[in-house]
There are 2 protein chains.
Amino acid sequence: MQESIYNIKCVIEYDGSRYAGFQVQPNEITIESELLRVLNLICKEEIKIYGSGRTDRGVHAKGQVFNFFTHNHIPLDRFMYAFNRQLPLDIRVLSMEYVDLNFHARFSAVKKEYRYYLKQIPLNAFEHNYMAFSKKLDLNLVQNALKLLEGRHNFEGFCSVDVDKRKDFEKEIYEASVKETNDILEFKFIGSGFLKYQIRRMMALIIAIGLKEEKLETITKILETRDPFVYTKVADPSGLYLMHVYY
Amino acid sequence: MQESIYNIKCVIEYDGSRYAGFQVQPNEITIESELLRVLNLICKEEIKIYGSGRTDRGVHAKGQVFNFFTHNHIPLDRFMYAFNRQLPLDIRVLSMEYVDLNFHARFSAVKKEYRYYLKQIPLNAFEHNYMAFSKKLDLNLVQNALKLLEGRHNFEGFCSVDVDKRKDFEKEIYEASVKETNDILEFKFIGSGFLKYQIRRMMALIIAIGLKEEKLETITKILETRDPFVYTKVADPSGLYLMHVYY
């Protein structure tokens, strides 16, 4: 008798405030460790999760995707109900579907969307985990900075220095835009993929440019030299949301 | 030489999610313990705080008031800046003013406003600390329940049973209303004062009436018998906000 195996794709959202990021880490509570704890219980077998990518400590998601394989064939409405009942309330499963055995949440992804929320007046007591703060930015300079980042580039200079140097650092940003509503700037980044810390490093520099502490040319210099030591600041994780992974 | 003493009134807001309520408690982090830690540092003397009233674990405030006495005469703009710099980001001081030595945040208060937020569809990952959930309520029944609670009553039957029985349980509710926006019910309670657990006990019963699990007459019975064992459920603290204290 041949054993059946099923591949399940899940879309989840989470409030990252309480978690040490997505990926399992020793002695830390992470999104993945919570997902695994519940999946192992429901499936009564050792589950392995394939995430579309990591998110850092304190970063949020409204459309993170992962897949996992199981020998159980449980109706997905019942599965999702049990999953949400046993997960912490700040992690919610939004959808589950059976997918082809070839589907892989990371390797099958073709595009990702992130947003970053930046408030230009002091945050109130309820906002500090959910957006970042800076003084008022020059919106024109910010828009010019975003334009320089769009397109296909080698983004090694915006990547965390602890990443394996054999990695492919060439990525394409299809859209890098900003919308101002009252005192809040909403940044949108749509790209073929993003490197570790890339968005938070780009955001730190965009903010510095908007505050006239750095020049637009710093972006060109980082893209040309690919040197991750030109500008090393990393923006606050609380403003960052993984919105959508496209397949 | 006579020593000077000053009375300072503070208005604060806080996200109560992380705290074991307002009042100092052994081995717990509370709003008051954080305020005292910072005030003792700034004033370099042992400070005592007089709050307008306690809030329970997980309850929020957008307009909590307290006063304290100090021998220091620090310009209040500088004081408030230092205060906010050293407080956790989920507690913010909104205003500070020198007041008459007779002012007492609790005894001088004449009116208080609370709001309670109840969502009638499941909460997302970002909402569960900030509102309560229930299935869809019958709004007509809810409004009739609120009408029964308005006016001057002895509210002992809605008060926590661990309260000193010599207390004055007679209070007046000037307004108990509800407004529906999309799937969220916003309840407003304005009264001369509220007893321990009173709003959460009233809310639990209002929700049960709206779900047709309890009858309107239960309210009348509790107000008449003053018996706190008629209905003992207490609604989720996450939906409750102290909005304003009037003097």
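For every chain, the first residue of the written sequence is number 1, and numbering continues from 1 onward in sequence order. Written order determines the labels here, with chains lettered from A and ligands numbered from 1. Where totals are concerned, whole chains, interfaces and linings use all residues; where local detail is concerned, this predicted model gives features only for residues with pLDDT of at least 70, and gives and counts side-chain atom pairs only at 80 or more. The basis for every side-chain value is the complete set of non-hydrogen atoms in the structure, without hydrogens or water.

Colleague: Sorry, what's going on with the domain arrangement of chain A here?
Modeller: Buried accessible area, meaning the area lost when the parts come together, often serves as the stated size of an interface. Residue and element names in this part refer to chain A. Residue ranges labeled as domains rest on an automatic or database domain assignment. Split by domain assignment, chain A resolves into domain 1 (6-99) and domain 2 (111-246). Summarising the inter-unit geometry, the C-alpha centres of domain 1 and domain 2 are found 27 Å apart. Here a residue-residue contact requires only that any non-hydrogen atoms of the pair lie within 4.5 Å. Contact with domain 1, which involves 16 residues of that partner, is made by 14 residues of domain 2. Both faces considered, domain 1 and domain 2 share a buried interface measuring about 1,200 Å² in area, 55% of it formed by carbon and sulfur atoms. Looking only at domain 1, the three residues that lose the most surface to domain 2 are Asp 56, His 60 and Lys 62, adding up to 40% of its buried area. Between Asp 56 and Arg 200 there is a salt bridge, with the nearest N and O atoms lying 2.7 Å from each other. Side-chain atoms alone can form a polar contact between residues adjacent in sequence; in general such a contact is a pair of N or O atoms within 3.5 Å, and within protein one must be able to donate a hydrogen while the other accepts it. Connecting domain 1 to domain 2 are ten residue pairs in polar contact (both at pLDDT 80 or more). Of the residues contributing to the side of domain 1 that touches domain 2, the split by class is three nonpolar, eight polar and five charged. Summed over both partners, the accessible area (1.4 Å probe) lost when two parts come together is defined as the buried area. Salt bridge, as used here, is a side-chain nitrogen of Lys or Arg placed within 4 Å of a carboxyl oxygen of Asp or Glu. When residues are sorted by character, Ala, Val, Leu, Ile, Met, Phe, Trp, Tyr, Cys and Pro go into the nonpolar class, Asp, Glu, Lys and Arg into the charged class, and all the rest, Gly among them, into the polar class.

Colleague: I'm lost on unusual backbone geometry in this one. Help?
Modeller: Comment: phi is negative for the bulk of residues other than glycine, and the bulk of peptide bonds are trans. The backbone of Lys44(A) shows a phi angle near 50°, a positive value even though the residue is not glycine. Note that Lys44(A) resides in the loop between α1 (31-43) and β2 (49-51). Each residue is assigned to one of three classes by its accessible area relative to the maximum for its type, calculated with a 1.4 Å probe on protein chains only: buried under 20%, partly exposed between the two thresholds, exposed over 50%. Taking relative accessible area as the criterion, Lys44(A) reaches 72% and is therefore assigned exposed. The backbone of Lys212(B) shows a phi angle near 65°, a positive value even though the residue is not glycine. Residue placement: Lys212(B) occurs in the loop between α4 (198-210) and α5 (217-225). To qualify as a helix, a DSSP run of H or I must reach at least 4 residues; to qualify as a strand, a run of E must reach at least 2; elements of each kind are numbered from the N terminus.

Colleague: Just to check I follow, could you spell out the state of the cysteines for this structure?
Modeller: Between two cysteines, a covalent bond joining their sulfur atoms is known as a disulfide. All names here are of chain B. Disulfide: a pair of cysteine sulfur atoms within 2.5 Å of each other. One pass over the structure, following the stated rule, counts zero disulfides over all chains. Counting only cysteine sulfurs, Cys 10 is the nearest neighbor of Cys 43, a cysteine outside any disulfide, at a range of 9.4 Å. Relative accessible area serves as the criterion here: at 3%, Cys 43 is assigned to the buried category.

Colleague: What is the right way to look at the side chain of Asn7(A) in this model?
Modeller: Residues and elements named next belong to chain A. Here Asn 7 shows up in strand β1 (residues 6-14). Accessibility expressed as a relative area gives 1% for Asn 7, which makes it buried. Side chain to side chain, Asn 7 and Asn 67 meet in a polar contact 2.9 Å long. When near neighbours in sequence (up to four residues on either side) are disregarded, Asn 7 contacts Asn 67, Phe 68, Phe 69, Glu 97, Tyr 98, Val 99, Asp 100, Leu 101 and Phe 103.

Colleague: Looking at this structure, I do not really get the interface of chain A and chain B. What am I missing?
Modeller: Opposite the 17 residues of chain A that make contact, chain B presents 17 residues. Overall, the association of chain A and chain B removes approximately 1,200 Å² of surface from exposure, summing both partners, and the carbon and sulfur fraction of that is 68%. When the buried area of chain A at its contact with chain B is split by residue, Ala125(A), Phe126(A) and His128(A) rank highest and sum to 48% of it. Where chain A touches chain B, the interface holds zero salt bridges. Here chain A and chain B share two residue pairs in polar contact (both at pLDDT 80 or more) between them. Broken down by element, the side of chain A that touches chain B gets its largest block of residues, three residues, from strand β3 (residues 60-70) of chain A. Considered class by class, the residues forming the side of chain A that touches chain B number nine nonpolar, three polar and five charged.

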